[in-house]
Amino acid sequence: MKSTVKKIMPAKAVRIITGKVPQAKLSLSIKVVEVFSRTKFLSSVYYIFNPEFRRETHSVMKGKLEHLKSFQAETSNYYLLRRNIHRLEKGLLMSPRRDIFGASFILETVKCFNYLKDLYPKDEQITWANDVLTEYFAVTVSQKDRDKAERLFQPLEERETNKKPYQRNGDIELRTSIEDLQVLAQHRRSVRWFRPGKVEQEKIDKAMQVAAQAPTACNRQPYYFKIIQNEELLRKAVDIPMGTKGFSHNINNLAIVIGDLSAYPFERDRHLIYIDSSLAVMSFLFALESQQVSSCVLNWPDIAIKEEEVKKQFNLKDSERVIMFIAFGYPNYDEKVAFSQKKELDRLRTFS
Ligand SMILES: Cc1cc2nc3c(=O)[nH]c(=O)nc-3n(C[C@H](O)[C@H](O)[C@H](O)COP(=O)(O)O)c2cc1C
């Protein structure tokens, strides 16, 4: 254990994991942490000298820079378009609806739309943005910026879609009962033993389409999945996360979930890559399992050399962060899964 851990961790962490921390050192550590945790200012002083958060702040800044630069060039990006079109959708579905809304960001939205429309005229996201903007200009009243934006707006010529806010069909018969969902949730366990073979792209894509329906903050969708099935790449990748020891050799399909911090101009949103992608991952896992494909999420601890390795191997941008790895494949039912008792309901939730 010690020798394996030693390769990837600083000596101090090895001593903590192997339980060999001299008492005197432990007392000193507690004292230091106690002092620097007294105020927020002292904590930030501590982290000037402790580099643990540096990689994260660097990625947040690189993302911010990328996002801001796209404004400067009046090029903008899909994150901004999705966010702003979604804000307009929310204005459109308000009940009662206001006569004018979105005036503070309608100009940047239209500029962004015009730019992306020329780049990706066939994208469904463009038809959606087109339809929402068309509806927006149809129902809002005159206002300086709104009118200027309307003059700039270059709608799609052919419109066969109508992707504006709609009323859902309340009579739809949802065939997934709560009992079905309970069976699926109970059956899904982290599987570490797989049969040989690649999962067909069709199944993966179906699961991805389910994952894509997950909610994301302001519909930004700040993540993507790298699916690794090429044998050479796979063998290099499966051992990068630390939690695959003992079973990495039988992983035949791998997904790396990547969060993109260039989706945000503000630091306050830095956690959304983790929240949004995790919501999508859970849908992905259920959708795989419903097609008899099992999975195991693999931890991605924030360790410098691991991050460097994965960045180099998969050409990640500085603003991109690995969220997690997922091993998946056809389960070997001859092998076991952990029972993994879940918390009792009373420990899980409170009602007030
Ligand atoms: C974020 C995260 C990281 C995980 N990392 C690993 C890992 O590195 N290796 C592993 O074997 N299992 C890993 N797991 C699986 C957990 O051990 C497992 O989900 C947990 O014990 C509950 O079991 P269940 O998934 O079968 O319900 C991880 C799960 C999550 C959600």
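(A) Broad picture of the packing of aromatic side chains. All chains considered together, the criterion is met by 13 aromatic pairs. Grouping aromatic residues by their ring pairs yields a cluster made of F101, F113, Y136, F137 and F153.

(B) View of the environment of A338. Within the secondary structure, A338 sits in the loop between β4 (320-329) and α15 (345-348). For A338, a relative accessible area of 39% corresponds to the partly exposed category. Sequence separation between A338 and R189 is 149 residues; the distance between their C-alpha atoms is 7.5 Å.

(C) Quick peek at the sheet that holds strand β3 (residues 294-298). Pairing is antiparallel across the open sheet formed by 4 strands, whose spatial order is β1-β2-β4-β3. Looking at strand neighbours, the two that pair on one side only are β1 (223-228) and β3, the edges of this open sheet. Going from strand to strand, the sheet's axes swing by 25 degrees on average, the running direction of each strand aside. As paired strands, β1 and strand β2 (residues 253-260) are joined by 6 bridges and run antiparallel to one another. Along β2, the bridge assignment pairs F225 with V257. Docked against the sheet, helix α13 (residues 272-289) engages β1, β2, β3 and β4, running at close to 10 degrees with respect to β4.

(D) View of the domain arrangement of the chain. When the domains of the chain are assigned, the result is domain 1 (2-49), domain 2 (67-152) and domain 3 (178-329). A straight line from the C-alpha centre of domain 2 to that of domain 3 covers 32 Å. Listed per partner, the contact involves 8 residues of domain 2 and 11 residues of domain 3. Of all residues in domain 2, H67, Y79 and R83 bury the most surface against domain 3, accounting for 65% of the area lost on that side. Breaking the side of domain 2 that touches domain 3 down by element, the ones donating at least two residues are α5 (54-72) and α6 (78-93). For the side of domain 2 that touches domain 3, the element with the highest residue contribution is α6, accounting for 4 residues. Along the lines of polarity and charge, the residues of the side of domain 2 that touches domain 3 split into 3 nonpolar, 3 polar and 2 charged.

What counts and what doesn't
Residues numbered from 1 in each chain as written. Predicted model: local features only at pLDDT ≥ 70, side-chain atom pairs only at ≥ 80, totals over all residues. Heavy atoms only, no water. Phe/Tyr/Trp six-rings, centres within 6.5 Å; stacked < 30°, edge-to-face > 60°. Helix = DSSP H or I, 4+ residues; strand = E, 2+ residues; numbered from the N terminus. Buried < 20%, exposed > 50% of the residue type's maximum accessible area, 1.4 Å probe, protein only. Pairing = 2+ DSSP bridges. Axes fitted to C-alpha atoms, helices over the stretch in contact; angles between N-to-C directions. Contact = heavy atoms within 4.5 Å. Domains from an automatic or database assignment. Buried area = accessible area lost by both parts, 1.4 Å probe. Nonpolar A, V, L, I, M, F, W, Y, C, P; charged D, E, K, R; others polar.

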